[in-house]
Amino acid sequence: QVQLVESGGGLVQAGGSLRLSCAASGRTFSIYRMAWFRQAPGKEREFVAAINWSGGSTYYADSVKGRFTISRDNAKNTVYLQMNSLKPEDTAVYYCATRSLTTSVYGYWGQGTQVTVSS
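## Things to note about the overall build of the protein chain
The number of helices and strands found in the protein chain is 0 helices and 11 strands. Along the protein chain, helices (α) and strands (β) appear in the sequence β-β-β-β-β-β-β-β-β-β-β when read from the amino end. At 14 Å, the protein chain has a C-alpha radius of gyration in line with the 14 Å of a compact globule built from 119 residues. With respect to the principal axes defined by its C-alpha atoms, the protein chain has extents near 40 × 25 × 25 Å. For the protein chain, buried positions account for 41% of its 119 residues. Sequence separation of at least 24 residues holds for 52% of the intrachain contacts in the protein chain that already meet a minimum separation of 6. Total accessible area computed for the protein chain in this model is approximately 6300 Å², and 47% of it derives from carbon and sulfur atoms. Within the protein chain, the 7 negative side-chain charges are centred at a point lying 7 Å from the centre of the 12 positive side-chain charges.

Okay, here's the thing in structure tokens:
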């Protein structure tokens, strides 16, 4: 089992920056990939970014590519999402999630952190 706790959300003006953190605990040795998702009110959850634990390969949604950067610190079992040039449409609850090599489904999720971007 893996437990995830997000932090770093808040209120920021358009054009500003935030850095989100997601700390993992439990059976962290089983983590193959960690990812960020977001969900705005009245909308479906959408993929934001992901990173592989060993090789460090990264993946980004087109909507955030060039503005957001995902990174990880394996020693701290933590993944980060650096968000720059924030837009009002980035407003959402941001969740981190993990999966192992044994499944293609993200099986563990954090409780989310609110990001609000004002115009």
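## Points about the nonpolar core
Among soluble globular proteins, nonpolar side chains are generally buried collectively. Trp-36, Val-48, Phe-68, Val-79, Leu-81, Met-83 and Tyr-94 are the most contacted members of the largest nonpolar core, which has 28 residues in total. Of all the elements in the fold, those that place two or more residues in this core are β1 (2–7), β3 (18–26), β4 (33–39), β5 (46–52), β7 (68–73), β8 (78–83), β9 (92–99) and β11 (113–118). Not counting residues within four places of it along the chain, the set of residues in contact with Met-83 comprises Gly-16, Ser-17, Leu-18, Leu-20, Arg-67, Phe-68, Tyr-94 and Val-115. Listed in part, the 5 residues of the second largest apolar core include Ala-35, Phe-37, Ala-97 and Tyr-106.

## Considerations on the state of the cysteines
This model, assessed by the stated rule, comprises 1 disulfide. Between the sulfur of Cys-22 and that of Cys-96 lies a disulfide, 1.9 Å long from S to S. Looking along the S-S bond of the Cys-22-Cys-96 disulfide, the torsion reads about 55 degrees, which is the right-handed sense. Of this pair, Cys-22 sits in strand β3 while Cys-96 sits in strand β9, and the two are 74 residues apart along the sequence. Just as Cys-22 is buried, Cys-96 falls in that class too.

## A word on unusual backbone geometry
We note that Asn-77 has phi near 50 degrees; this positive angle belongs to a residue other than glycine. Mapped onto the elements of the fold, Asn-77 is located in the loop between β7 and β8. Phi is positive for Ser-85, which is not a glycine, with a value near 50 degrees. Structurally, Ser-85 can be placed in the loop between β8 and β9.

## Re the packing of aromatic side chains
Scanning all chains against the criterion turns up 4 aromatic pairs. Ring geometry for Phe-37 and Trp-109: centres 4.9 Å apart, planes at 50 degrees, overall tilted. Within this pair, whereas Phe-37 is found in strand β4, its partner Trp-109 is found in strand β10 (residues 108–109), the two being separated by 72 residues in sequence. Judged by its relative accessible area of 31%, Trp-109 falls in the partly exposed class.

Criteria and thresholds
Residues numbered from 1 in each chain as written. Predicted model: local features only at pLDDT ≥ 70, side-chain atom pairs only at ≥ 80, totals over all residues. Heavy atoms only, no water. Helix = DSSP H or I, 4+ residues; strand = E, 2+ residues; numbered from the N terminus. Rg over C-alpha atoms; globule rule 2.2 N^0.38 Å. Buried < 20%, exposed > 50% of the residue type's maximum accessible area, 1.4 Å probe, protein only. Contact = heavy atoms within 4.5 Å. Areas by Shrake-Rupley, 256 points an atom, 1.4 Å probe, with all protein chains shown as cover. Lys, Arg positive; Asp, Glu negative; His and termini not counted. Charge placed at Lys NZ, Arg CZ, Asp CG, Glu CD. Core = buried A, V, L, I, M, F, W, Y, C linked by side-chain atoms within 4.5 Å. Disulfide = S-S within 2.5 Å. Phe/Tyr/Trp six-rings, centres within 6.5 Å; stacked < 30°, edge-to-face > 60°.

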